[in-house]
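Remarks on the overall topology
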Amino acid sequence: MSREQARAIADQYAQDVLRAVGGEYPHEYTGTEEAPCEGRMGELSEEIFSIYHGYQIRDVPPERQVVLAERVRDHLIRRGYRIKDFRTWPERDSAVVTARNEADGYEVSFESTSPPTAISLSVTSPCFRMRDAQP
């Protein structure tokens, strides 16, 4: 898979979650990073990477944090994701959802910031042998 393909898939999943949240809150792209994956013996490869793709959903009132996390959790379940973690702290107006797309191994994380004024959305790929796109 090329780096461009891995990023495009990550952004597709992030955009899907942003649509589920709705357009009432502004969001901004926070970046895409690549990191080499560590092998069983601690070795790092020049060709095997994981992609981290992030957004921040801004100006989310504390009282909406848990509601939005529940909405995203339900949306991801309908999309066939396996929920790895779902926790809420209503007394702190905070929540976290982590889900895995079992079809391709990508993971989505949706987490309240501290203090709960925004939500961090990230999509992480599994480890891939990445190559630059071919012409």
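Higher on the page you've got the structure.
Here we summarise the structure given alongside this text.

Section: the packing of aromatic side chains
- Within this structure, the stated rule accounts for four aromatic pairs.
- Taken together, a centroid distance of 6.0 Å and an interplanar angle of 45° make the contact between Y106 and F128 tilted. Pair noted here: Y106 is in the loop between strand 4 (94-100) and strand 5 (107-112) and F128 is in strand 7 (residues 128-129), with a separation of 22 residues, a long-range link. The burial state of Y106 is the same as that of F128; both residues are buried.
- Each residue in the set Y13, Y81, Y106 and F128 is aromatic and connected to the rest through ring pairs, giving one cluster.
- Taking the ring centre of F49 as reference, the NZ or CZ of R3 above it sits at 4.7 Å.
- Just above the ring of F86 sits the side chain of R73; from NZ or CZ to the centre is 4.3 Å.

As for the side chain of N101
- Considering the arrangement of structural elements, one finds N101 in the loop between strand 4 and strand 5.
- Exposure remark for N101: the relative accessible area of 11% places this residue in the buried category.
- Only 2.9 Å separates the side chain of N101 from the backbone nitrogen of A103, close enough to count as a polar contact.
- Once residues within four sequence positions are removed from consideration, N101 is found in contact with Y13, Y81 and Y106.

So, the environment of Q56
- With respect to the helices and strands, the residue Q56 is situated in strand 2 (residues 44-57).
- With 36 residues separating them along the chain, Q56 and A20 place their C-alpha atoms 14 Å apart.
- Contacts of Q56, omitting those with residues within four sequence positions, involve P26, H27, E28, T30, T113, A118 and I119.

Points about helix 2 (residues 62-78)
- Between its first and last C-alpha, helix 2 extends 26 Å over 17 residues, near the 24 Å set by a 1.5 Å rise per residue.
- Residues of helix 2 that are buried include every one of Q65, V66, L68, A69, V72, H75 and L76, and no others.
- Where helix 2 is buried, its residues meet helix 1 (3-21), strand 3 (82-89), strand 4, strand 5 and strand 6 (119-124).
- Once helix 2 ends, the next one or two residues include G80, with phi positive near 95°.

Considering the state of the cysteines
- Counted by the stated rule, this structure contains one disulfide.
- Across a sulfur-sulfur distance of 1.9 Å, C37 and C127 are joined as a disulfide pair. The S-S bond linking C37 to C127 shows a torsion near -100°; that makes this disulfide left-handed. Pair noted here: C37 is in strand 1 (residues 27-38) and C127 is in the loop between strand 6 and strand 7, with a separation of 90 residues, a long-range link.
- A relative accessible area of 11% means that C37 is categorised as buried.

Conventions adopted
Residues numbered from 1 in each chain as written. Predicted model: local features only at pLDDT ≥ 70, side-chain atom pairs only at ≥ 80, totals over all residues. Heavy atoms only, no water. Phe/Tyr/Trp six-rings, centres within 6.5 Å; stacked < 30°, edge-to-face > 60°. Helix = DSSP H or I, 4+ residues; strand = E, 2+ residues; numbered from the N terminus. Buried < 20%, exposed > 50% of the residue type's maximum accessible area, 1.4 Å probe, protein only. Lys NZ or Arg CZ within 6 Å of the ring centre and 35° of its normal. Polar contact = N/O pair within 3.5 Å; in protein donor to acceptor, adjacent residues only side chain to side chain. Contact = heavy atoms within 4.5 Å. Expected span 1.5 Å × (residues − 1). Disulfide = S-S within 2.5 Å.

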